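Overview (structure and organization)
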Amino acid sequence: MFKAKAYSVASATASFVADTIPRREAGPRDVQIEILYCGICHSDLHTVRDEWASVMPTVYPCVPGHEIVGRVTKVGPDVTKVKPGELVGVGCLVGSDHGCPNCRADMEQFCPGATFTYNSPDVHGTAPVTYGGYSESIVVDEHFVLRVPENLDLSGVAPLLCAGITTYSPIRRWGDIAGKKVGVVGLGGLGHMAVKFARAFGAHVVVFTTSAGKKEDALRLGAHEVIVSTDPEQMKAQAGTFNFILDTIAAEHDINAYINMLGLEGNITLVGAPEKPLPLSAFALLFGRRSISGSLIGGIKETQEMLDFCGKHNITADVEVIPIQKVNEAYERLVKSDVKYRFSIDMASLKGE
Ligand code: NAP
Ligand code: ZN
């Protein structure tokens with residue numbers, strides 16, 4: 001065991017403070033990584049503030065962060081995937097049973113024994129729960145370590161490990177979206193990646209936003225049209241015309257308003273995970289035989305495919321790079337939907353702590 005610098009919170013109402021956390025020594029199949037950048041996902045905020053208490057209560061101290069890029073500093077003797085000095089990524093998953101049907105189908109995210117990067121029981125016994133990427137280093141089983149394309153800006157690569165795969169996976173799963181009308185609800189970390197991917201796969205992309213001021217950005221990011229969702233006229237004008245909608249909203253909202261935007265047999269997929277249940281109108285689904293689905297990140301194989309796709313097409317997140325000392329301020333801005341479009345923590349800032 002060794003100590004690593006990190007930022008943690010002690011309770012649901014506490015601010016982040018500098019801390020040290022235990023990390024395990026690299027075992028035979030482990031990769032030790034010096035973390036260079038870590039994105040701030042809204043899931044970090046939900047967890048830190050215990051907003052998902054009914055499903056996944058938070059164990060404190062909590063060290064979030066599952067959008068990790070870094071450099072390999074050490075590998076165990078059985079590691080074949082990466083070498084010291086290479087650039088790698090770690091997303092939301094650090095363990096699974098490898099034997100269940102979901103793991104065998106490359107969907108480790110649905111393994112009943114999945115270990116998430118933070119706030120999951122630590123099967124190695126290093127600490128009560130896993131600690132994430134708001135830290136100078138992490139030790140991860142090689143299966144969950146991703147290769148990062150060398151040609152991309154690293155601060156913008158970090159968010160691909162969660163926001164990227166969470167939007168890439170449902171878009172790919174829905175099928176060939178070329179020429180289809182695709183809606184992206186909420187232009188935040190996930191939403192702006194969804195716009196880039198939907199555009200890259202040839203869709204007609206329409207952003208639904210509550211922030212009229214994000215209109216220019218939405219178009220620059222690749223949207224063909226923008227609907228300000230608080231304007232009933234704009235919503236009415238395109239009702240019943242969408243093939244597929246990805247809903248990334250992090251808070252309570254009227255989902256039926258978006259279901260009504262779908263055409264015949266259209267699908268809305270939820271990736272946003274609001275704290276409270278959303279009331280669903282049966283009629284919104286019945287008329288038009290519409291469907292509603294959910295999606296959770298993506299498996300390791302698909303995450304690598306997404307990173308390779310981003311390398312090939314030069315896709316990264318639009319980030320605001322911050323030192324870790326600004327993390328409390330960043331959280332306040334995240335709840336106000338005031339981020340363009342992902343905070344990425346430069347972990348070099350942790351060295352002076
Ligand atoms: P984010 O950067 O905060 O973006 C969320 C966006 O939703 C905001 O920018 C805002 O967009 C819109 N929004 C926020 N509050 C709203 C409200 N009250 N009514 C309507 N729109 C609102 O968050 P994120 O990191 O993209 O994460 C989004 C959600 O996805 C979170 O709940 C997160 O936990 C979840 N998530 C799920 C997965 C998964 O695997 N399913 C993975 C990662 C994250 P506008 O300003 O454009 O309206
Ligand atoms: Zn996330």
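Residues numbered from 1 in each chain as written. Chains lettered and ligands numbered in written order. Predicted model: local features only at pLDDT ≥ 70, side-chain atom pairs only at ≥ 80, totals over all residues. Heavy atoms only, no water.

1. Some words on the domain arrangement of the protein chain
Heads up, the rule is: Where each domain begins and ends follows an automated or database-derived domain assignment. Between two residues, a contact is recorded if the distance between any of their heavy atoms is within 4.5 Å. Two parts placed together each lose some accessible area under a 1.4 Å probe, and the buried area is that loss summed for both. A carboxyl oxygen of Asp or Glu within 4 Å of a side-chain nitrogen of Lys or Arg is what we treat as a salt bridge. Runs of E in the DSSP output that reach at least two residues are strands. Runs of H or I that reach at least four are helices, and both are numbered from the N terminus. Polar here means any residue other than Ala, Val, Leu, Ile, Met, Phe, Trp, Tyr, Cys and Pro, which are nonpolar, and Asp, Glu, Lys and Arg, which are charged; Gly is therefore polar.
Looking at the protein chain, the domain boundaries give domain 1 (2-162 + 298-352) and domain 2 (163-294). Here the C-alpha centre of domain 2 lies 27 Å away from the C-alpha centre of domain 1. Between domain 1 and domain 2, the contact holds 24 residues from the first and 24 residues from the second. In total, domain 1 and domain 2 occlude about 2,000 Å² of area from one another, counting both sides; carbon and sulfur atoms represent 58% of this. Where domain 1 touches domain 2, the interface holds 3 salt bridges. The set of elements that each furnish at least two residues to the side of domain 1 that touches domain 2 consists of helix 1 (42-48) and helix 10 (300-313). The element best represented in the side of domain 1 that touches domain 2 is helix 10, accounting for 6 residues. Of the residues contributing to the side of domain 1 that touches domain 2, the split by class is 11 nonpolar, 6 polar and 7 charged.

2. Notes on the coordination of the zinc ion (ligand 2)
This is how it is decided: In this description, a donor is an N, O or S atom within 2.8 Å of the metal centre, a cutoff extended to 3.2 Å for sodium, potassium and calcium. Water is not part of the atom list, which can make sites seem incomplete. Any residue under 20% of the maximum accessible area for its type is buried, any over 50% is exposed, and the rest in between are partly exposed; the area is computed with a 1.4 Å probe on protein chains only.
Only Cys-41 (SG), His-66 (NE2) and Cys-162 (SG) from the protein reach the zinc ion (ligand 2) as donors, at distances of 2.0 to 2.2 Å. As a motif over one chain, the donors of the zinc ion (ligand 2) read C-x24-H-x95-C. Here His-66 lies in the loop between helix 1 and strand 4 (68-75) and Cys-41 lies in the loop between strand 3 (30-40) and helix 1, a separation of 25 residues in the sequence. A relative accessible area of 3% means that Cys-41 is categorised as buried.

3. Remarks on helix 10
Rule in force here: Expected helix span is taken as 1.5 Å per residue step, with the number of steps being one fewer than the number of residues.
Under the 1.5 Å per step criterion, the end-to-end length of helix 10 is 20 Å for 14 residues, consistent within 8% with the ideal 20 Å. Among all positions of helix 10, only Ile-300, Glu-302, Thr-303, Gln-304, Met-306, Leu-307, Phe-309, Cys-310 and Gly-311 are buried. On its buried face, helix 10 sits against strand 9 (146-147), helix 3 (154-157), helix 4 (163-174) and helix 5 (189-200). Phi for Asn-314, located one or two positions after helix 10, is positive at around 55°.

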